[in-house]
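This is what each chain is made of:
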Amino acid sequence: MAPSILSLPYPRFAALGRQAFLDARGEVKGSGVASELYSRFFRTGQLRPEASGLSASSTALWGSVCTTHSPLLLETVETDAPQEGPGAAKALFRLDDGCRVETVLVPMGTGESGRGTLCLSSQVGCAMGCAFCETGQAGLTRNLEAAEIVAQVFEARFGLGWEFTSLVFMGMGEPLDNLDQVMAALEVLTDPRGFAFAQERITVCTVGVASGIRRLADRGWKRMGLSLSLNAGRNELREGLMPVTRSHPLEAVQAALRDYPQRKNFVLALNYCLLPGINDTVADAQEVAAFATGLGRVLVNLIPYNPGTRPLGRAPSEVEVDTFLGLLKAVGLDAKVRGPKGRSIMAACGQLGTRP
Ligand code: SF4
């Protein structure tokens, strides 16, 4: 028998998703079984062709063509710092070529038991070189394939048993720098016959790749969340913190965001890593407000800097955080502080790619 598309290893199979099963109908008798197996696989984590009422020979055939395997889980680390609250955890996976990628469970946002957000990586390393980010210091090794992105969700849910209802692309890498694979992964993750994540439950966080924002808009995922890692409202300051600003200046990012189709009740999150002595003045707050003009409803997530292994400076004190929060509100912005979940295990924002 010719090699089936489904006999490819799990990552490829997951990327192709439902279409792979549909394509296989010509190879394996039993129309309808493909869709059933697909749904079961992404909803329960198991293929179990024997549960589909097939003959023994068909069961064996499905079992042979649907071979799968997952990235190897090397370790998980859970936070034990009482001040961070319960639940932040980080998983380290080894991919087929030996590259390592990290996925983080963040118990934030809903305040309801058992609900959390899974923070996904889109690249091994990152080419963006943000000065405050541990991942950025290591550079880019390679893009993740769509299947390797989907596999993080699959393993977190079915391998680790983590409970989460939302996804955010805020792990290692810049998702809009690997947009083809991220979009392919989003197709699988939102497929109603599989994982069925609602678009509202997914957020793509970008440093501001304006062309990528426009491509996402063109795809028409109007209910998908989008957030921008801003960190400075002035090009000169931002270039030093985020080199991507040279190729995508704030004006271009702002224009792309203005054109982004927003659903009713959409709130654009502007993430702002507070670096004491660098981006914490009255003028800095005013520049954030100027950037937000015309972008609809905006929420500034103020993130106290998490010093990594090569720190850019120190973490801000609580007083400094409160002071800048007050400055943001004084210039008319809706803003809140996002706590340093996972700082103790190097799983907090800007710390991925390192060891605890
Ligand atoms: S903050 Fe994000 S985009 Fe910037 S270097 Fe780190 S991983 Fe890359």
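Residues numbered from 1 in each chain as written. Predicted model: local features only at pLDDT ≥ 70, side-chain atom pairs only at ≥ 80, totals over all residues. Heavy atoms only, no water.

### Here we look at the site of the ligand
- Residues in close proximity to the ligand include Cys126, Met128, Gly129, Cys130, Cys133, Thr135, Gly136, Gly173 and Val207, which together make up its full environment.
- Its residues assigned to classes, the shell around the ligand comprises 5 nonpolar, 4 polar and no charged. (Near = heavy atom within 4 Å. Nonpolar A, V, L, I, M, F, W, Y, C, P; charged D, E, K, R; others polar.)

### Quick notes on the pairing of strand S10 (residues 268–274)
- Here S10 lies mainly inside the structure; 7 of its 7 residues are buried.
- The two faces of S10 match: Leu268, Leu270, Tyr272 and Leu274 on one face and Ala269, Asn271 and Cys273 on the other face are all buried.
- Across 3 bridges, the pairing between strand S9 (residues 225–229) and S10 is parallel. If you follow Ser227 over to S10, its bridge partner there is Ala269.
- Where S10 meets strand S11 (residues 298–304), 7 bridges bridge the pair, whose relative direction is parallel. Residue pairing in the sheet places Cys273 in a bridge with Ile303 of S11.
- Where the polypeptide runs from S10 across helix H12 (residues 282–292) and back to S11, its parallel neighbour, the crossover connection is right-handed. (Buried < 20%, exposed > 50% of the residue type's maximum accessible area, 1.4 Å probe, protein only. Helix = DSSP H or I, 4+ residues; strand = E, 2+ residues; numbered from the N terminus. Pairing = 2+ DSSP bridges. Right-handed = clockwise from strand over helix to strand, strands pointing away.)

### So, empty space enclosed by the protein
- Evaluated as defined, the whole model comprises 3 cavities of 30 Å³ or more.
- The class makeup of the residues in the lining of the second largest cavity is 7 nonpolar, 4 polar and 2 charged. (1 Å grid on protein atoms, 1.4 Å probe; cavity = no way out; pocket = protein on both sides within 12 Å on 5 of 7 lines; lining within 4 Å. Points joined across faces, edges and corners; volume = space filled by probe spheres on them.)

### A closer look at the packing of helix H8 (residues 210–219) against helix H11 (residues 250–259)
- Relative orientation of the contacting elements H8 and H11 amounts to 10°, with a least axis distance of 9 Å. In terms of axis orientation, H8 runs roughly parallel to H11. Along the contact surface, H8 presents Ala210, Ile213 and Arg214, while H11 presents Ala252, Val253, Ala255, Ala256, Leu257 and Asp259.
- Taken together, the residues of the contact of H8 with H11 sort by class into 7 nonpolar, no polar and 2 charged. (Axes fitted to C-alpha atoms, helices over the stretch in contact; angles between N-to-C directions. Parallel < 35°, antiparallel > 145°, perpendicular 65-115°, else oblique. Contact = heavy atoms within 4.5 Å.)

### What to know about the packing of aromatic side chains
- Within this structure, the stated rule accounts for 10 aromatic pairs.
- Between Phe41 and Phe42 the ring centres are 5.2 Å apart and the planes differ by 75°, which places this aromatic pair in the edge-to-face class.
- Residue Phe41 is classed as buried on the basis of its relative accessible area of 3%.
- The exposure class of Phe42 is buried, given its relative accessible area of 1%.
- Three or more aromatic residues joined by ring pairs form one cluster here, namely Phe41, Phe42, Phe154, Phe158, Phe164, Phe195 and Phe197.
- Taking the ring centre of Phe164 as reference, the NZ or CZ of Arg157 above it sits at 5.1 Å. (Phe/Tyr/Trp six-rings, centres within 6.5 Å; stacked < 30°, edge-to-face > 60°. Lys NZ or Arg CZ within 6 Å of the ring centre and 35° of its normal.)

### Here's the deal with unusual backbone geometry
- Although it is not a glycine, Ala196 adopts a positive phi angle of roughly 60°.
- The class of Ala196 is partly exposed, set by a relative accessible area of 39%.
- Phi angles above zero are rare outside glycine, and Asn231 is one such case at about 70°.
- Summarising the element assignment, Asn231 is placed in the loop between S9 and helix H9 (235–241).
- Judged by relative accessible area, Asn231 falls into the buried class, the value being 2%.

### What about the pattern of salt bridges?
- Considering all chains together, one arrives at 10 salt bridges under this definition.
- Linking Glu187 and Arg219 is a salt bridge whose minimum nitrogen-to-oxygen distance equals 3.0 Å. Here Arg219 lies in helix H8 and Glu187 lies in helix H7 (residues 179–190), a separation of 32 residues in the sequence.
- Judged by relative accessible area, Glu187 falls into the partly exposed class, the value being 36%. (Salt bridge = Lys/Arg side-chain N within 4 Å of Asp/Glu carboxyl O.)

### Quick word on helix H6 (residues 146–159)
- With 14 residues, H6 ought to run about 20 Å at 1.5 Å a step, and its terminal C-alpha atoms sit 19 Å apart, in line with that.
- Most of H6 sits out of view: 11 of its 14 residues are buried.
- Considered for burial, the residues of H6 that qualify are Ala146, Ala147, Glu148, Ile149, Val150, Ala151, Gln152, Val153, Phe154, Glu155 and Ala156. (Expected span 1.5 Å × (residues − 1).)

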